Amino acid sequence: DPLVRRREVPGVLVRLDPAPEGAASGPLPLVFDSPHSGTTYPADFGYAAPFDILRSAEDAFVDELFATAPGHGASLLAALFPRSYIDPNRHEADIDVSLIDGEWPGPLAPTRRSRRGMGLIRRILRHDLPVYDRRLTVAEVMARIEQYHRPYHAELKDMLDSAHGRWGCVWHVNCHSMRSLGRKPGDPPFGGEGKPRADFVLGDLDGQACAADFREMVRETLVGFGYRVVLNKPFKGAELITRYSDPCRGRHSLQIEINRRLYMDEHKVEKTADFDRLKADIDRLIAAIAAFVRDRSAGR
């Protein structure tokens with residue numbers, strides 16, 4: 001697309017920015033990122049879990065759902081590597097030491113996510129299925145941080161800082177998908193007696209990551225489209241909005257979780273016939289967010 005500027009680090013990330021002549025009203029201080037939609041599995045992954053179940057960890061097709069962002073004046077960043085390899089939505093010190101062969105040389109700050117096997121480097125899938133049949137060397141984990149995790153964060157930080165430096169404000173939408181059913185420990189990998197989730201969950205760290213008017217505009221827009229939307233339950237947001245949000249300084253971050261049943265077959269990791277309809281609604285949502293940002297940033 002000649003109206004979109006594309007920058008790619010092979011296997012790591014792709015960044016799309018509106019060309020100066022691309023968006024109808026010019027670029028905006030608006031950044032979308034999709035950290036969990038990557039499908040380029042590195043050759044040194046060395047996983048032992050069945051590949052079809054490993055793929056269930058992907059936020060499949062979320063980057064495609066938001067691909068029209070540059071046409072509305074926004075930028076889009078997407079990871080190309082899978083979250084099961086290393087998770088950019090975790091702090092790099094959120095390491096499960098039981099997975100490491102040797103003594104970790106850097107700082108450690110494991111969270112409850114690590115204890116559940118879902119920290120920086122995922123240890124299990126679906127509560128009881130291990131990703132590996134081995135422990136990872138210190139060198140392996142350090143390489144993943146240096147070659148994948150840090151470059152993703154550096155790129156996103158550059159995008160947000162550049163927008164904030166130009167306009168004095170920036171809005172960041174962190175894009176994800178979620179399983180259609182909430183699961184409890186002991187549930188089988190597929191199916192089970194889970195509780196159906198809402199269509200969308202908006203996370204703002206319980207009001208700490210963005211101004212309320214931004215969150216409410218997104219919520220009201222989605223409700224107006226006919227979707228069921230809940231706030232901060234069960235997903236409040238994680239590292240990417242925690243690290244980059246500061247509403248008092250005009251840095252607003254909001255996490256969006258989309259129910260996978262709206263657009264894909266969760267078992268096969270394939271789009272359904274509903275994908276195009278949801279994509280059209282996401283495009284309308286992006287347009288509404290862009291209009292909001294254009295209004296708030298006018299004159300800055």
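Use the structure listed above.
All of these numbers come straight from a predicted model, not from anything done at the bench. (Residues numbered from 1 in each chain as written. Predicted model: local features only at pLDDT ≥ 70, side-chain atom pairs only at ≥ 80, totals over all residues. Heavy atoms only, no water.)

(A) Expanded view of the overall build of the protein. Assigned secondary structure in the protein consists of 7 helices and 16 strands. Computed over the C-alpha atoms, the radius of gyration of the protein is 19 Å, within 12% of the 19 Å expected from 2.2 N^0.38 for a compact globule of 300 residues. The C-alpha extent of the protein, read off along each of the three principal axes, is 55 × 40 × 35 Å. The burial tally for the protein puts 54% of its 300 residues in the buried class. Restricting to contacts in the protein with at least 6 residues of sequence separation, those with at least 24 account for 76%. For the protein, the accessible surface area stands at approximately 12,900 Å², while carbon and sulfur atoms represent 52% of it. The averaged location of the 43 negative side-chain charges in the protein is 4 Å from the averaged location of its 43 positive side-chain charges. (Helix = DSSP H or I, 4+ residues; strand = E, 2+ residues; numbered from the N terminus. Rg over C-alpha atoms; globule rule 2.2 N^0.38 Å. Buried < 20%, exposed > 50% of the residue type's maximum accessible area, 1.4 Å probe, protein only. Contact = heavy atoms within 4.5 Å. Areas by Shrake-Rupley, 256 points an atom, 1.4 Å probe, with all protein chains shown as cover. Lys, Arg positive; Asp, Glu negative; His and termini not counted. Charge placed at Lys NZ, Arg CZ, Asp CG, Glu CD.)

(B) Inspection of the packing of helix H5 (residues 212–224) against helix H7 (residues 275–297) at higher detail. Between H5 and H7, the least distance of the axes is 10 Å, while the angle of their chain directions is 150°. As the angle between them shows, H5 and H7 are arranged roughly antiparallel. In this structure, H5 meets H7 at a crossing whose hand is right-handed. On H7, the residues touching Asp-213, Phe-214, Met-217, Val-218, Thr-221 and Leu-222 of H5 are Leu-285, Ala-288, Ile-289, Phe-292 and Arg-296. For the contact of H5 with H7, the class distribution of residues is 8 nonpolar, 1 polar and 2 charged. (Axes fitted to C-alpha atoms, helices over the stretch in contact; angles between N-to-C directions. Parallel < 35°, antiparallel > 145°, perpendicular 65-115°, else oblique. Left-handed = near helix turned anticlockwise from the far one by under 90°. Nonpolar A, V, L, I, M, F, W, Y, C, P; charged D, E, K, R; others polar.)

(C) Spotlight on the pattern of salt bridges. One pass over the full model with this rule turns up 27 salt bridges. We note a salt bridge from Arg-55 to Glu-58, for which the minimum N-O separation is 2.9 Å. Exposure remark for Glu-58: the relative accessible area of 2% places this residue in the buried category. Two residues, Lys-271 and Glu-64, come together in a salt bridge whose shortest N-O distance is 2.6 Å. Here Lys-271 is found in strand S16 (residues 270–271), whereas its partner Glu-64 is found in helix H2 (residues 62–65), with 207 residues between them in sequence. Connected through salt bridges with shared partners, the residues Arg-7, Arg-15, Asp-17, Glu-155 and Asp-158 form a single ionic network. (Salt bridge = Lys/Arg side-chain N within 4 Å of Asp/Glu carboxyl O.)

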